[in-house]
Amino acid sequence: MKQIVGYTESMSVDAGTILDVYVHTEASAVRCTASVVRARDAGRQPVGPAVRWEAIGETVSFVGRSQTTTPGSYGLVKAPSLGSGESVTFAVNALLTTVSDTTQTLMATTVTPDSGCALVVDSTGHAVFTVAVPGGRTVAVRTERPVELLNWFRVYGGYDAETQQIFVGAARLGADEDDLAPVGRYPCPAFAVGPGQISLATQCLDDDGRAIRINSFIGRLEDPFIARHGCEGAAALDPRELVGSDQLAAFWDFAVGISGFDLVDASGNGNFGTLHNLPQRAVCGSRWDGVASDWTASTDQYSAVHFFDEALEDAEWVDPVRVQVPADAASGFYAVKLVTKAGEIDWVPFFVRPTVTKRADVLLLAPTASYLAYSNARFYFEGPVQEMLFNRVVEIGAEEEFIIAHPEVGLSSYDQYRDGHDVTLVSSKHPNLNMRPGHAREEGYTSDLDIVAWFDHLGEPIDVECDHDLDRYGAELLRHYRTVVISTHPEYLSRKMGEAIAQYTNEGGRLLVLGGNALDITVAFHPERPWIMEVRKPDFSPLETPWHASERHLAFTGGPGGEAVHDDRPSELLIGVGPASMGFDESKPFELQEAAKNVRASFIFDGVEATTVGAHGRLGGGVVGQEWDQSSFELGTPAHALVLARSYGHSIISRRFGALRPQNHAEMVFYETGAGGAVFTVGSMAWCAALADWGYRNDVARISTNVLRRFLSPEPFAGVGAESAGHSC
């Protein structure tokens, strides 16, 4: 297992930046060093990994420490002030989505040994209202009946000044009055509420001035409010009807501001707050009618927030190590190399952006959206079909061992929370252990390093920008480049990214796609917290709930998530191909088709004499493997596109577990676009793992280099099919 692990404050930086690196060591007081390194061509022959790491800048010494990570989504809002002796009701609609062996907090004030109150559901499912009173005692009352799973309940509790008792109740929404459970009551001294904070879905303890979060809630909350009201009639209170009255002290309406993390106090009393650690918004609440499927048209039906005890936005590690990126650092793939005194190593990747005044002709787009989507993925070793997909025992490396030992470091968008709901929000502010050179899976980031090494071998300068940058700056980011290169597994993109790529190729840009499963899933980055990405894939989810299919639309943008075809932007419109199948047991070569003889494609196969190409490679012994794509003229592949090559003979594994189309082969495609531009896509994730074989003296490197050289030529491509070449997304 890894003994040292880190993450950077930012994924991409400018040259000259002082970069904060947050580091955890399994043992404390460990002497360590940190240095900036750059990915370069290793020059290895005849086969093997293509990358070496070149040290640049100074080495920093530091003492490592063991860090603490506390997952669990929650909200913090300003507490209204209610004097001691006033009646008060805390109430919220709650949907419990799983059984827990611990207490789950719905609403609470900050709790000290002598003050504070909390409305919770205990480990038996009963609602409980607790109050800490002077002398270090706790007074509590609970309901007679438990709160039922997957049913909406109004849970409420508080203090009744008239009877001088605390009370608690839980009423199933929509239940007949005769079916309501009796309210629990118990004598208790009066207490005040505020000033301070109210926590939602967690309880905050004040430990000598240090806040500790405990008892996270798993499920959905809706319409939390605080009223100056006693026990009688508390179950029937409607905060919307109380707006404007003195009775309503605070009401946090989750139907307001669904696209963000701010919580609005609809009472008008200014008790605003914020959501933390990636709770999910734009989810169905108690008023969902079973028909609505777009939250933007029915915000009142999507007025809930789903909280998870495993969610993590920011690991919040402390005492960062600061390293200097040299001012003259070229744009590229970099890492901070962390080394313990015992020789344990971690590589923490980051990217250096190009300067405004010095640009290359080629831009390599680092697929940070895909890196985030797969961050710390557990399905590789927990999924029930993984060994069948690989046709071998699943391989676990040091990174997986660390994730197993430290599940608190975050989940991927391919994992599910303990209540079965999909992880839809992922963040870069914690270690991403899938994004490591030499990872046991050898795909994704590791394969993208093969592209970096290939360019270095060619002596061709490149600039590197991230998906995050393209989402922020749009087509303007691409206009400076004669050729844009898409990497080995660029599965995820935002709508803004798709629009930028379409505009670039329509205006004469050349797009070289060196991977597969490309540009297929729509995501969104949060504009104020760009390190957070939203992913919704209801079509691929194992979850079976009445509302799941109605939660496709992204909270951040309101547009549909999942496969880009749902956003009227299939990948065939952008790059001529879309997902076909997957298979991780073996890889196949391409067989050239008749279109490969077309004069329009003559530059591609210059110097390639065989009709079988790519019968080699680090990933499965061929270039068509892992996941691959094919054309579809029905979905948007341009009519004049040339299908240059196809794969054949894939095993039953790809047909049984991965086939998305009846014909599950891969296809290599080329076509010209408007204004002298062109698109070439290899259609497979395994292509680049064959580039460096025999010191780049092979057919895969020859074809890739041929296309690159032609794409860098100022000579425009002929306008074949120009009337159908342009497209928009």
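This write-up is about the structure you can find in this document. (Residues numbered from 1 in each chain as written. Predicted model: local features only at pLDDT ≥ 70, side-chain atom pairs only at ≥ 80, totals over all residues. Heavy atoms only, no water.)

1. Considerations on the overall build of the protein
Condition: Each helix is a run of H or I in the DSSP string that is no shorter than four residues. Each strand is a run of E no shorter than two, and both are numbered from the N terminus. Each radius of gyration reported is based on C-alpha atoms, and the globular scaling rule is 2.2 Å times the count of residues to the power 0.38. Accessibility here uses a 1.4 Å probe with only protein chains present; expressed as a share of the type maximum, an area under 20% marks a residue as buried, one over 50% as exposed, and anything in between as partly exposed. Here, residues are in contact when the closest pair of their heavy atoms is within 4.5 Å. Accessible areas in this description were obtained via Shrake-Rupley with a 1.4 Å probe; residue shielding takes into account the shown protein chains only. A positive count includes Lys and Arg, and a negative count includes Asp and Glu. His and the chain ends are not counted in either. For this purpose, a charge sits on NZ of Lys, CZ of Arg, CG of Asp or CD of Glu.
On a plain count of helices and strands, the protein comes out with 13 helices and 42 strands. For 729 residues, the compact-globule formula gives about 27 Å, and the C-alpha radius of gyration of the protein, at 28 Å, lands near that figure. In terms of overall dimensions, the protein has a C-alpha envelope of 95 × 60 × 50 Å along the principal axes. Per-residue burial over the protein gives 62% buried out of 729 residues. Relative to all contacts within the protein whose residues are 6 or more apart in sequence, the contacts with residues 24 or more apart total 73%. For the protein, the accessible area works out to roughly 27000 Å², and carbon and sulfur atoms hold 49% of it. Treating the 56 positive side-chain charges of the protein as one cloud and the 94 negative ones as another, the clouds have centres 5 Å apart.

2. A look at unusual backbone geometry
Note the cis peptide between Gly194 and Pro195, where omega equals -10°. The topology assignment puts Pro195 in the loop between strand S14 (184-187) and strand S15 (197-200). Non-glycine residue Ala282 carries a positive phi angle of around 55°.

3. Description of helix H8 (residues 495-506)
What counts, and what does not: Take the residue count of a helix, subtract one, and multiply by 1.5 Å to get its expected span.
Across its twelve residues, H8 extends 16 Å between first and last C-alpha, which sits within 8% of the 16 Å expected from 1.5 Å per residue. All of the buried residues along H8 are Met497, Gly498, Ala500, Ile501, Ala502, Tyr504 and Thr505. Two residues or fewer past H8, Gly508 is found with a positive phi of approximately 105°.

4. Notes on empty space enclosed by the protein
Here is the rule: A pocket here means an open set of points on a 1 Å grid, computed over the protein atoms alone, that has protein on both sides within 12 Å along at least five of seven lines. A cavity is instead a set of points where a 1.4 Å probe fits but cannot get out; residues with an atom within 4 Å of a point line either one. Grid points are joined across faces, edges and corners, and a volume is the space filled by probe spheres set on the points. Three classes are used: nonpolar for Ala, Val, Leu, Ile, Met, Phe, Trp, Tyr, Cys and Pro, charged for Asp, Glu, Lys and Arg, and polar for all others, with Gly counted as polar.
Scanning the entire structure with this criterion turns up seven cavities of 30 Å³ or more. Estimated volume of the largest cavity: approximately 150 Å³. Forming the boundary of the largest cavity are 13 residues, of which Tyr374, Asn434, Glu443, Gly444 and Tyr445 lie nearest the centre. For the lining of the largest cavity, the residue count by class is five nonpolar, six polar and two charged. The volume enclosed by the second largest cavity comes to roughly 130 Å³. Forming the walls of the second largest cavity are 13 residues, and the residues nearest its centre are Pro349, Ser428, His430, Asn432 and Met435. Taken together, the elements giving at least two residues each to the lining of the second largest cavity come down to strand S1 (4-8) and strand S26 (345-352). A per-class count over the lining of the second largest cavity returns six nonpolar, six polar and one charged.

5. Structural notes on the sheet that holds strand S5 (residues 51-64)
Counted only if it meets this: When DSSP finds two or more bridges between two strands, those strands count as paired. Angles run from 0 to 180 degrees between N-to-C directions of axes, and those axes are lines fitted to C-alpha atoms, restricted for helices to the stretch in contact.
If you trace the five strands from one edge of the open sheet to the other, you get S2-S26-S25-S4-S5, paired in mixed fashion. Where the open sheet ends on each side, the last strands, each with one partner, are strand S2 (12-13) and S5. In this structure, S2 lies alongside S26, joined through two bridges in parallel fashion. When the sheet's bridge partners are listed, Val13 is paired in S26 with Val352. Along the sheet, helix H6 (residues 445-458) contacts strand S4 (30-41), S5, strand S25 (332-340) and S26; its crossing angle with S4, the most-contacted strand, is approximately 55°.

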